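A closer look at the structure
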Amino acid sequence: MSCALYRARAKAALASAPDLAGVTLVSAWAGNFSASDLPVMGVATPRERGRPGTLNAFEREVLLQVVIKRLGGAEIEDQLDRDAAAIEAAVMGAFGAERLTLTPEEVTTTLNGEGEAVIGTAVVSFTLNYLKPLRG
């Protein structure tokens, strides 16, 4: 499989997650969104590492991240916690059904209140491990 397929699988799972209904799924993470664009969510695979595995394959480790940004108020951290739990459940369910080894690694949240409103961001990180055959 490829990183593109892993991202597609995660996006499909997130798009069908009832707890994330109303969140716009963006295909490319551009960084800046106006308050009227929120909530938005994106999937990225920013890192892939390799190391010797077997005589015929390398072990590969992919960092899969789901980022959600939403406009918030006093309860934004609680909402981000709910979002992170929904993201984890959806992604783990989709990859588990395919018998792929996916490990939830970390959830980070940040709040930015420097603009007109508070914008909360949660990043849910997973590690995906697989064997990639050596090419002759």
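Here, every reference points to the structure presented above.
Below: a short report on this structure. (Residues numbered from 1 in each chain as written. Predicted model: local features only at pLDDT ≥ 70, side-chain atom pairs only at ≥ 80, totals over all residues. Heavy atoms only, no water.)

1. Notes on the overall build of the chain
Here is the rule: For the purposes of this entry, the term helix denotes a DSSP run of H or I that reaches at least four residues, the term strand denotes a run of E that reaches at least two, and both are numbered from the N terminus. Note on classification: 1.4 Å probe, protein chains only; a residue is buried when its accessible area is under 20% of the maximum for its type, exposed when over 50%, partly exposed between these limits. Residues scored as charged are limited to Lys and Arg (positive) and Asp and Glu (negative), so that His and the chain ends carry no count. Each charge is placed at NZ for Lys, CZ for Arg, CG for Asp and CD for Glu.
Tallying secondary structure elements over the chain gives two helices and five strands in all. Secondary structure elements of the chain, listed N to C terminal, follow the sequence α-β-β-β-α-β-β. Dimensions of the chain, computed from C-alpha atoms along their principal axes, come out at roughly 55 × 25 × 20 Å. Of all 136 residues assigned to the chain, the portion counted as buried reaches 36%. Distance between charge centroids for the chain: 13 Å, based on 13 positive and 16 negative side chains.

2. Structural notes on the nonpolar core
Applied cut-off: Among buried residues, the Ala, Val, Leu, Ile, Met, Phe, Trp, Tyr and Cys ones that are joined through side-chain atoms within 4.5 Å form a nonpolar core. Throughout, a contact is declared for two residues whenever any of their heavy atoms are within 4.5 Å.
Leu-14, Ile-87, Val-91 and Phe-95 are the most contacted members of the largest nonpolar core, which totals 30 residues. Every element with two or more residues in this core is listed here: helix H1 (3–15), strand E2 (40–52), strand E3 (57–72), helix H2 (76–97) and strand E5 (118–133). Looking at which element gives the most residues to this core, the answer is H2, with nine residues. Once you skip the residues sitting within four places of it in the chain, Val-91 turns out to touch Ala-10, Leu-14, Leu-64, Val-66, Leu-102 and Phe-126.

3. Observations regarding the packing of aromatic side chains
Rules: Working definition: a ring pair exists when centres of Phe, Tyr or Trp rings (six-membered ring for Trp) sit within 6.5 Å. Plane angles under 30 degrees give stacked, over 60 give edge-to-face, the rest tilted. A ring is scored as having a charge over it whenever the NZ atom of a lysine or the CZ atom of an arginine sits within 6 Å of its centre and within 35 degrees of its normal.
Applying the stated criterion across every chain, the model contains two aromatic pairs. On the numbers, 6.2 Å between centres and 45° between planes, the contact of Tyr-6 with Phe-95 is tilted. Here Phe-95 lies in helix H2 and Tyr-6 lies in helix H1, a separation of 89 residues in the sequence. When sorted by exposure, Tyr-6 lands in the same class as Phe-95, which is buried. Taken together, Tyr-6, Phe-95 and Tyr-130 form an aromatic cluster joined through their ring pairs. Above the plane of the ring of Phe-95 lies Arg-9, whose end atom (NZ or CZ) is 5.9 Å from the centre.

4. Section: the pairing of E3
So the rule is basically this: One bridge is not enough; two strands pair if DSSP finds at least two bridges between them.
Sheet topology places E2 next to E3; 11 bridges connect them, and they run antiparallel. Across the sheet, Ala-44 pairs through a bridge with Gln-65, a residue of E3. Here E2 folds back onto E3, and the loop between the two strands holds four residues.

5. Considering the pattern of salt bridges
Inclusion rule: A carboxyl oxygen of Asp or Glu within 4 Å of a side-chain nitrogen of Lys or Arg is what we treat as a salt bridge.
The tally for this structure, following the rule as stated, stands at five salt bridges. The residue Arg-60 makes a salt bridge to Glu-48 at a minimum N-O spacing of 3.1 Å. Here Glu-48 lies in strand E2 and Arg-60 lies in strand E3, a separation of 12 residues in the sequence. Exposure remark for Glu-48: the relative accessible area of 32% places this residue in the partly exposed category. A salt bridge links Glu-61 to Arg-49, with the nearest nitrogen and oxygen atoms 3.8 Å apart. Taken together, the positions of Glu-61 in strand E3 and Arg-49 in strand E2 put the pair 12 residues apart, joining distant regions of the chain. A single network of salt bridges, built from pairs that share partners, joins Arg-47, Arg-49 and Glu-61.

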